[in-house]
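Working through the structure, step by step
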Amino acid sequence: MHNTYTLITGASEGFGKSLAFECAAKKMNLILVSLPGAELNYLAAYLKRNYEVDVVPIEKDLSKEEDCIALFEVVSALQLPVNMLINNAGIGSTVSFGEGSLQLYQRQIKLNVLATTMITHLFLDTLKKNKPSYILNVGSMSCFFFLVKKQVYGGTKSYIYFFSKSLHREVKAEGIHVSVICPGGMNTNVALTLLHKSMSRLPRLSIMNPEDVAPIAINGLLKGREVIIPGKLNQFLMLLDKLLPSSIKKMITTQQMKHLKSIALPIDIEAAISLQNTVHTAK
Amino acid sequence: MKIFITGATGYVGHALALRLAQNGDCVHVLVRDPSSPHVPKHENIRVFTGDITDRSTIIQPLTECKQVFHTAALVKLWAKDPSIFYKTNVEGTRNVLDEALEQGVKKVVFTSSCGVLGPSINVPMCETDPRNTRIDNDYEFSKLLAENLVKEYCQKKGLSGVIVSLSKVYGPGIETHPFSVNRAIKNFIKGKITFIPKPASFLANYCFINDVVEGHLLAMQKGVGGEKYILGGENISYTELFQRLRSVSGAKAPVIPVPPFVFKCIASLQWLQCKVSGKEPFFTAKGVHHFFCNKALSSDKAICELGYHITPLHTGLQQTTGFLKNIEHA
């Protein structure tokens, strides 16, 4: 059964790395994709040695359209039968709209929206061929709450949410299952861990560790859950969302975000590179 | 040759300073308190009063030194004010590296901890392995940042720096730390009940102090700038460690495996004690999982590239128990 491959984008750090560990522990062969220079080869070698699965590292900058196509070509040339696609690579940000650079928003939209769309489209036939197949897209709790300083980020994640649910209905009959996971904040890198420490109590409680979210994600995907909300508190917030009038929700979310410093950084990829500088400024 | 050492009142730094002094090198040691009983004493050792967190105090002791061993660090699992980990371990390291660059030191060996690598899964960890869990304590995080600093100084500023990562060090030497392998061995051979994590099959790695000291010298001689070397020992389970200790020392003290919640209770009691009397806890409830995982390591890189040698655990334990019994009688 396990001669198929799981492709994970943004696999070198944070949630993607935890997903890679989780899948390897479940004896899945892996194709790991991340930015060049992110020490992906070490991760691949490590997973191979520890779990006796095949791991193929591929270095690509998926915010470039040609790299998305090149990724598909490399995988096709290697004739790896992909039956699980995890679109995890993304750039997160918490920044007031005027403060953030246009360049950041362009890259964010390209990576979060365009790359997910392109890669899913490119691999769709492969997935159909290797059914039963799975697609996991990474949304966010910010799909549901209109948080300040998360305009573009929340927008891209809402796209992911809509895209996943719609695609789910469309390709189910062809043996492809699509899930979207909507985590709250996660300690995906050192800078974010420091940022989260500075938050007030309630939002801090909703922060989860990627290694705890990864099994929830993969189990949910394999069970065929359409939307996966990890964590009891996040699930409770979703319930509140349905019950509370919008004026009260607005008050709560504004209150929560007030204390956050503006920060724009990649969720998963690039973290290793920019880490050092971010940490020093955060301190 | 003149050699500069920080952390010479620590367990490893102390042994290293004496070893270098016996070699005939002129050893400059930096200490915060020159009256400390842990200051190494030898005719080739010159003691300088200072602190790595104050760069001006390391200018003079570093003068004319060709080599630097930076072993000083704040080693504990918890501190009331966590910023001191960063002040000592990161900014202190920055001061030493800056001054070493300024004075044209040929090579720096930085002593780090295998804690930075995290737990192992099925096979022993090696230097380039990524962490499979997040760093959750300020000590390991500060050591990671310090390692990154050494690498950065090698890549961008032309420093020749080598990182050596130690596992759990044991063997004859001074006692500077209440939560050490030596202390556990001492308690066991004195007949005290010893609690170990349950299941006792978890692996840990124990390195002998003499090997570690030689490893530092080898890293200085042959280590490649910007590289990291694990200086470890044998990977062995808690059960087997105490079985071997029994056979070596003849001690019959009971060894009782206890589940995590017992350790958590102890941590909570320590926490209460801390709140009442201000006594710092050895470990915290959040840190208990550190004892309940495998920490197997591979020293193959150091063995192949540096010629590092591992003393068999049996021999090491014999020397250690002999030493600990002697200081008890003294």
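Above: the structure in question.
Throughout what follows, the structure given in this document is the object of discussion. Given the structure is predicted, the values throughout are model-derived calculations rather than measurements. (Residues numbered from 1 in each chain as written. Chains lettered and ligands numbered in written order. Predicted model: local features only at pLDDT ≥ 70, side-chain atom pairs only at ≥ 80, totals over all residues. Heavy atoms only, no water.)

1. Here's the deal with the overall build of chain B
When you go through chain B residue by residue, the secondary structure sums to 10 helices and 12 strands. Relative to the globule expectation of 20 Å for 330 residues, the C-alpha radius of gyration of chain B, 19 Å, shows essentially globular dimensions. Its C-alpha atoms give chain B principal-axis dimensions of about 55 × 45 × 40 Å. A burial count over chain B gives 53% of its 330 residues as buried. In chain B, 77% of the contacts between residues at least 6 apart in sequence involve partners at least 24 apart. (Helix = DSSP H or I, 4+ residues; strand = E, 2+ residues; numbered from the N terminus. Rg over C-alpha atoms; globule rule 2.2 N^0.38 Å. Buried < 20%, exposed > 50% of the residue type's maximum accessible area, 1.4 Å probe, protein only. Contact = heavy atoms within 4.5 Å.)

2. Description of the overall build of chain A
Scanning chain A from terminus to terminus reveals 11 helices and 9 strands. Here chain A holds 283 residues, and 56% of them are scored as buried. Long-range contacts, defined as pairs at least 24 residues apart, comprise 73% of the intrachain contacts of chain A with a sequence gap of at least 6. Summed over all atoms, the accessible surface of chain A reaches about 12,600 Å², with 58% contributed by carbon and sulfur. (Areas by Shrake-Rupley, 256 points an atom, 1.4 Å probe, with all protein chains shown as cover.)

3. Overview of helix α3 (residues 83–102) of chain B
All names here are of chain B. Taking 1.5 Å of rise per residue, the 20 residues of α3 would be expected to cover 28 Å, and the 27 Å separating its terminal C-alpha atoms lies within 8% of that figure. Along α3, the sharpest change in direction is near 25 degrees and occurs at E91. Looking only at α3, the buried set comprises F85, Y86, N89, V90, G92, T93, N95, V96, L97, D98, E99 and A100. Against β1 (2–6), α2 (59–62), β4 (67–70), β5 (107–113) and α4 (138–157) lie the buried residues of α3. Backbone geometry just after α3 places G104 at a positive phi near 65 degrees. (Expected span 1.5 Å × (residues − 1). Bend = angle between axes of the 7 residues up to and from the residue.)

4. With respect to the interface of chain A and chain B
The partner chain B presents 22 residues to the 19 residues of chain A that form the contact. Between chain A and chain B the total buried area reaches about 1,800 Å² when both faces are included, carbon and sulfur atoms providing 54% of it. Between R49 of chain A and D129 of chain B there is a salt bridge, with the nearest N and O atoms lying 2.6 Å from each other. Scanning the region where chain A abuts chain B turns up 6 residue pairs in polar contact (both at pLDDT 80 or more). Going through the elements one at a time, α1 (14–25), α2 (40–51), α6 (190–197), α8 (210–223) and α11 (271–282) of chain A are the ones with two or more residues in the side of chain A that touches chain B. By residue number, the principal contributor to the side of chain A that touches chain B is α2 of chain A, which donates 6 residues. By residue class, the composition of the side of chain A that touches chain B is 9 nonpolar, 5 polar and 5 charged. (Buried area = accessible area lost by both parts, 1.4 Å probe. Salt bridge = Lys/Arg side-chain N within 4 Å of Asp/Glu carboxyl O. Polar contact = N/O pair within 3.5 Å; in protein donor to acceptor, adjacent residues only side chain to side chain. Nonpolar A, V, L, I, M, F, W, Y, C, P; charged D, E, K, R; others polar.)

5. Re the sheet that holds strand β6 (residues 133–138) of chain A
Hydrogen bonds along the backbone pair up the strands of a sheet, which may run parallel or antiparallel. Residues and elements named next belong to chain A. Strand order in the open sheet made by the 7 strands is β3-β2-β1-β4-β6-β7-β8, with parallel pairing throughout. Strands at the two margins of the open sheet, each flanked by one partner only, are β3 (55–59) and β8 (227–228). Pairing of strand β7 (residues 176–181) with β8 involves 2 bridges; the strand directions are parallel. By the bridge assignment, I181 is partnered in β8 with I228. The strands that α1 touches are β1 (5–9), β2 (29–34), β4 (82–87), β6 and β7; relative to β1, the one it contacts most, it runs at about 170 degrees. (Pairing = 2+ DSSP bridges. Axes fitted to C-alpha atoms, helices over the stretch in contact; angles between N-to-C directions.)

6. Considering the packing of helix α5 (residues 181–189) of chain B against helix α7 (residues 238–249) of chain B
Residues and elements named next belong to chain B. One can describe the packing of α5 onto α7 by two numbers: an axis separation of 11 Å at closest approach and a directional angle of 55 degrees. Relative to α7, the element α5 lies oblique. Like other packed secondary-structure pairs, α5 and α7 cross with a definite hand, here right-handed. Contact residues: I185, F188 and I189 in α5; F242, L245, R246 and S249 in α7. When its residues are assigned to classes, the contact of α5 with α7 shows 5 nonpolar, 1 polar and 1 charged. (Parallel < 35°, antiparallel > 145°, perpendicular 65-115°, else oblique. Left-handed = near helix turned anticlockwise from the far one by under 90°.)

7. Brief notes about unusual backbone geometry
Residues and elements named next belong to chain A. Backbone torsion omega between K131 and P132 reads 5 degrees, so that peptide bond is classified as cis. You can see P132 is positioned in the loop between α4 (102–129) and β6. Phi is positive for Q79, which is not a glycine, with a value near 55 degrees. As for its placement among the helices and strands, Q79 is situated in the loop between α3 (65–77) and β4.

8. A word on the sheet that holds strand β9 (residues 203–208) of chain B
Residues and elements named next belong to chain B. Ordered in space as β7-β9-β11, the 3 strands form an open sheet in which the pairing is mixed. Bordering the open sheet on either side are β7 (168–170) and β11 (234–237), each of which pairs with just one other strand. Recorded for the sheet is a direction-independent mean angle of 45 degrees between the axes of neighbouring strands.

9. Some thoughts on the pattern of salt bridges
Enumeration according to the criterion identifies 18 salt bridges over all chains in this entry. Here E214 of chain B and R19 of chain B are joined by a salt bridge, their closest N and O atoms 2.5 Å apart. You can see E214 of chain B sitting in helix α6 (residues 209–222) and its partner R19 of chain B sitting in helix α1 (residues 11–23), a full 195 residues away along the chain. Exposure remark for E214 of chain B: the relative accessible area of 32% places this residue in the partly exposed category. Looking at R19 of chain B, the relative accessible area reads 25%, which means it is partly exposed. With its nearest N and O atoms 3.3 Å apart, the salt bridge here joins E102 of chain B to R55 of chain B. Of this pair, E102 of chain B sits in helix α3 while R55 of chain B sits in the loop between β3 (45–49) and α2, placing them 47 residues apart in sequence. Using a relative accessible area of 60% as the deciding quantity, one classes E102 of chain B as exposed. Where salt bridges share partners, they join D61, K64 and R107 of chain A into one cluster.

10. Observations regarding the side chain of D98 of chain B
Looking at the element boundaries, D98 of chain B is found in helix α3. If sequence neighbours within four positions are ignored, D98 of chain B has contacts with R55, Y153 and K157 of chain B.

11. Regarding the packing of aromatic side chains
How two aromatic rings sit relative to each other is set out by the distance from centre to centre and by the angle between their planes. Counted according to the given criterion, the structure contains 12 aromatic pairs over all chains. Both rings, one in F21 of chain A and one in Y46 of chain A, keep their centres 5.8 Å apart while their planes meet at 75 degrees; by these two values the pair is edge-to-face. Taken as a pair, F21 of chain A in helix α1 and Y46 of chain A in helix α2 lie far apart in primary sequence, 25 residues in all. The exposure class assigned to Y46 of chain A is buried, which follows from its relative accessible area of 0%. Measuring from centroid to centroid gives 5.2 Å for F97 of chain A and Y105 of chain A, while their planes differ by 20 degrees, and the two rings are stacked. When its relative accessible area of 5% is taken as the criterion, Y105 of chain A is described as buried. Aromatic rings pair up to connect F202, F263, F291 and F292 of chain B into one cluster. The ring of Y153 of chain B is capped by K157 of chain B, whose NZ or CZ atom sits 4.4 Å from the centre of that ring. Sitting over the face of the ring of Y229 of chain B, K301 of chain B holds its NZ or CZ atom 4.7 Å from the ring centroid. (Phe/Tyr/Trp six-rings, centres within 6.5 Å; stacked < 30°, edge-to-face > 60°. Lys NZ or Arg CZ within 6 Å of the ring centre and 35° of its normal.)

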